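Fold and geometry: a report
In case you want the letters, here they are:
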Amino acid sequence: MEYLPLFFDLQGQPVLLIGGGDIALRKARLLTRAGARVRLVSPEILPEVEQLVVEAAGEIIEARYRDEHLNGVRLVVAATDDDEVNQQVHTDAVAAGIPVNVVDNPPLCTFIFPAIVDRSPIVIGISSAGKAPVLARNLRAKLETLIPPRYAELASLVGRFRSAAKLKFDSVNKRRNFWERVLGGSVAERVFAGQTREAEELLLQQLHTADADHQVGEVYLVGAGPGDPELLTFKALRLMQQADVVMYDALVSAEVLDLCRRDADLIYVGKQRDNHAVPQQGINDLLVQHAKAGKRVVRLKGGDPFIFGRGGEELQQLKAAGVPFQVVPGITAASACSTYAGIPLTHREYSQSVKFITGQLKNRTSDLDFDELAGSRQTLVFYMGLHTIEKLSKGLIVAGKAKDTPVAIVSRGTRPDQQVLTGRLDQIAQLQQKAQLPAPALIIVGEVVELHQTLAWFGDNEPAPLP
Ligand code: SAH
């Protein structure tokens, strides 16, 4: 380790900052955020810098640096482009035993500024020992996305209950167990969801009833998107990585599943067409059962849980059983497949609305309102329609939809083997009969499909045009 990371308490402490330009401004922001009283020395000072320092009860000295400016300060930061001044500041500070930083000049520093992720009171500093600041900043950007912005609130909440927990649990181990449960479970999730008051109540309740072995877990109904793992939300990923149990079905891609916590139990609950590995009631029961055993259960669903996902039914059951739950939306197939196929679902010229429709017809007979669907200037997206495509296209034509309306079938959208088949409404069933594109597949009907030719950008798996 070339540098020891330390956190300085600068509340109300004098810090010397030399320089009055943009770099000084950045440092002044940082120092005042940490409560320092900045003594700013420079012959020229930008008005923003001056204002900032004055508002934070600092001191402005419009002059060239002299060693007497060092009197009484805890830290020195030189942010000038004058090498001579920088060198002098360094020499004087070292002689006076005051930690010194010369911006962008590691040999003249006795301390360096890390890249900072601020979720005060949680603060993370990342340093590359001055060797690769860009790498440190990249890492910071990654951490920024991984750590929910409300981490700060979580830390304050824990702070408020720290003494109470200390009274309740007499050993460090017991306390650690308790906090691990709280911070990895529903209390933390409530905070991240913005429900701080509920989180506080829950924490209070858990503290009172704390018997670590008999607590109800929680179910997260998580939208896994259409297949490409990069289309997961941060929240989905976070919950997947802390799950004890993951229940998933056929629409969830292997790449997405791979991102679940390594030692989570993965349970396949089927759901390919007409082949329900576990029937819906069984799935509901399993969810309740695992949650009641205190587990954090992630129910992973393809696309969005509330779009043809029966998410509502599962939640009703959980509610009835008193199991707490949360829902995380996902990118639904219509949105993802159309995007990856270069088909905008709406367009100022061609289509002012879009309908998501199930193509799975009850009892396999037509029960869709084709008259309504045949209307012009709208886009139709059929889910689960691959096996009824002939009925669907006939129904639309009979209801008056033009025979040459363009149609696209997007098969295995967003996955490496995505294929797009396009054709006229009166021919698409036959084209698919020959092409046999595999499920899952989405059918898009409407003028916007024409744009596929010019806007497609993902993969070139288009099947060869038929003779
Ligand atoms: N909740 C899911 C939909 C479940 S219904 C969502 O929001 O996307 C199942 C249907 O979704 C499939 O029959 C198919 O029509 C569509 N589907 C899901 N993933 C797909 C994909 N990667 N490519 C094409 N269609 C997909």
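Residues numbered from 1 in each chain as written. Predicted model: local features only at pLDDT ≥ 70, side-chain atom pairs only at ≥ 80, totals over all residues. Heavy atoms only, no water.

As for a nonpolar patch on the surface
Selection rule: Think of a patch as exposed residues, more than 30% relative accessible area, with no salt bridge, where like charges cluster within 9 Å and nonpolar side chains (Val, Leu, Ile, Met, Phe, Trp, Tyr) cluster within 5 Å. Using the Shrake-Rupley algorithm and a 1.4 Å probe, accessible areas are obtained, with residue cover drawn only from the displayed protein chains. Any Lys or Arg side-chain nitrogen located within 4 Å of an Asp or Glu carboxyl oxygen qualifies as a salt bridge. In DSSP terms, a helix is any run of H or I states spanning at least four residues, a strand is any run of E spanning at least two, and both are numbered starting from the N terminus. Exposure categories follow from relative accessible area, calculated using a 1.4 Å probe and restricted to protein chains: below 20% of the type maximum is buried, above 50% is exposed, and the middle band is partly exposed.
A contiguous nonpolar patch, built from M1, L4, L6 and F8 and spanning about 530 Å² of accessible area, is present on the exposed surface. Summarising the element assignment, M1 is placed in the segment before β1 (14–18). Look at M1 and you get exposed, because its relative accessible area is 83%.

Notes on the pairing of β1
Cut-off, in case you're wondering: A strand pair is defined by DSSP finding two or more bridges across the two strands. With its strands directed away from the observer, a crossover is right-handed exactly when the path from the first strand over the helix to the second travels clockwise.
The element β1 is largely enclosed, with a buried count of 5 among its 5 residues. Side chains of β1 alternate between two faces, with P14, L16 and I18 and V15 and L17 buried alike. With 5 bridges joining them, β1 and strand β2 (residues 37–41) adopt parallel strand pairing. Within β2, the position partnered with L16 by the bridge is R39. As a crossover connection, the stretch from β1 through helix α1 (residues 22–33) into β2 is right-handed.

Examining the site of the ligand
Basically, it comes down to this: One heavy atom suffices: a residue is near a molecule or strand as soon as one of its heavy atoms comes within 4 Å of it. Polar contacts, as used here, are pairs of N or O atoms within 3.5 Å; protein pairs need one atom able to donate a hydrogen and one able to accept it. Residues neighboring in sequence count only if both atoms are side-chain atoms. When residues are grouped by polarity, Ala, Val, Leu, Ile, Met, Phe, Trp, Tyr, Cys and Pro land in nonpolar, Asp, Glu, Lys and Arg in charged, and all others, Gly among them, in polar. The split into domains, and so the bounds of each, comes from an automatic or database assignment of domains.
Taken together, 19 residues are adjacent to the ligand, and D304, I307, T332, G413 and A441 come closest. Backbone polar atom of G302 to a nitrogen atom of the ligand: 3.0 Å apart, as the coordinates give it. Within the backbone of D304, a nitrogen or oxygen atom sits 2.8 Å from an oxygen atom of the ligand. When contributions to the shell around the ligand are tallied by element, the ones reaching two or more residues are α13 (333–340) and β17 (441–445). Tallied by class, residues from the shell around the ligand come to 12 nonpolar, 4 polar and 3 charged. Residue assignment places the shell around the ligand across two domains, with domain 3 (216–331) and domain 4 (334–455) each supplying three or more.

A few points about the packing of aromatic side chains
Our working rule: Two rings belonging to Phe, Tyr or Trp (six-membered ring only in the last case) form a pair when the distance between their centres is within 6.5 Å. Interplanar angles under 30 degrees mark stacking, angles over 60 mark edge-to-face geometry, and anything in between is tilted. Ring-over charges, as used throughout, are those where CZ of Arg or NZ of Lys falls within 6 Å of the ring centre and within 35 degrees of the ring normal.
Summed over all chains, the structure comprises 7 aromatic pairs. Note on F111 and F113: the rings are 5.5 Å apart at their centroids and 65 degrees apart in plane angle, and the pair reads as edge-to-face. What makes F111 buried here is its relative accessible area of 14%. Geometry around F113 places K27 over its ring, the cationic atom sitting 4.1 Å from the centre.

Considering the sheet that holds strand β15 (residues 406–411)
Cut-off, in case you're wondering: Helix axes are fitted to C-alpha atoms over the stretch in contact, other axes to C-alpha atoms as well, and angles between N-to-C directions run from 0 to 180 degrees. Throughout, a residue-residue contact means that at least one pair of heavy atoms, one from each residue, lies within 4.5 Å.
Strand order in the open sheet made by the 5 strands is β13-β14-β17-β15-β16, with mixed pairing throughout. Edge positions in the open sheet fall to β13 (353–358) and β16 (419–424), since each of these has one partner strand only. Strand-to-strand twist of the sheet, defined as the mean angle between neighbouring strand axes without regard to direction, takes the value 20 degrees. Across 6 bridges, β13 lies against strand β14 (residues 378–383) in parallel orientation. Looking at the pairing, K355 lines up with L380 of β14. Helix-sheet contacts for helix α16 (residues 428–435) involve β15 and β16, and the interaxial angle to β16 is about 145 degrees.

Regarding the packing of helix α11 (residues 280–292) against helix α12 (residues 311–320)
This is how the line gets drawn: Convention used here: angles under 35 degrees read as roughly parallel, angles over 145 as roughly antiparallel, angles from 65 to 115 as roughly perpendicular, and any remaining angle as oblique. Crossing handedness is read from the near helix: turned anticlockwise from the far helix by less than a right angle, it gives a left-handed crossing, and turned clockwise, a right-handed one.
One can describe the packing of α11 onto α12 by two numbers: an axis separation of 10 Å at closest approach and a directional angle of 45 degrees. When the interaxial angle is binned, α11 and α12 end up oblique. For the element pair α11 and α12, the recorded crossing hand is right-handed. Facing α11, whose interface residues are Q280, Q281, I283, N284, D285, L287 and V288, α12 presents E313, E314, Q317 and L318.

Observations regarding the domain arrangement of the chain
If you check the domain split of the chain, you get domain 1 (14–113), domain 2 (148–214), domain 3 (216–331) and domain 4 (334–455). Using only C-alpha atoms to locate each centre, domain 1 and domain 4 end up separated by 65 Å.

Details of the pattern of salt bridges
Taken as a whole and judged by the stated rule, the model has 21 salt bridges. Between R119 and E144 there is a salt bridge whose closest N-O contact spans 3.0 Å. Residue R119 is located in strand β6 (residues 115–119), and its partner E144 is located in helix α4 (residues 133–146); the two are separated by 25 residues in the primary sequence. A residue is classified by how much of its surface remains accessible, and R119, at 9% relative accessible area, is buried. Here R261 and D263 are joined by a salt bridge, their closest N and O atoms 2.8 Å apart. Take D263: its relative accessible area is 54%, and that puts it in the exposed class. Taken together, the salt bridges that share partners define one network made up of D244, R261, D263 and R296.

Description of unusual backbone geometry
Cis peptide bonds are those with omega within 30 degrees of zero, and the linkage from S120 to P121 qualifies with 10 degrees. Mapped onto the secondary structure, P121 falls in the loop between β6 and β7 (122–126). Residue A439 is joined to P440 through a cis peptide bond whose omega torsion reads -5 degrees. Structurally, P440 is set in the loop between α16 and β17. Within the chain, M384 stands out as a residue other than glycine whose phi angle is a positive 50 degrees. For M384, the location among the structural elements is in the loop between β14 and α15 (389–398). Owing to a relative accessible area of 37%, M384 belongs among the partly exposed residues under this scheme. Located in the positive-phi region is R412, a residue other than glycine, with phi close to 50 degrees. By the secondary structure assignment, R412 is in the loop between β15 and β16.

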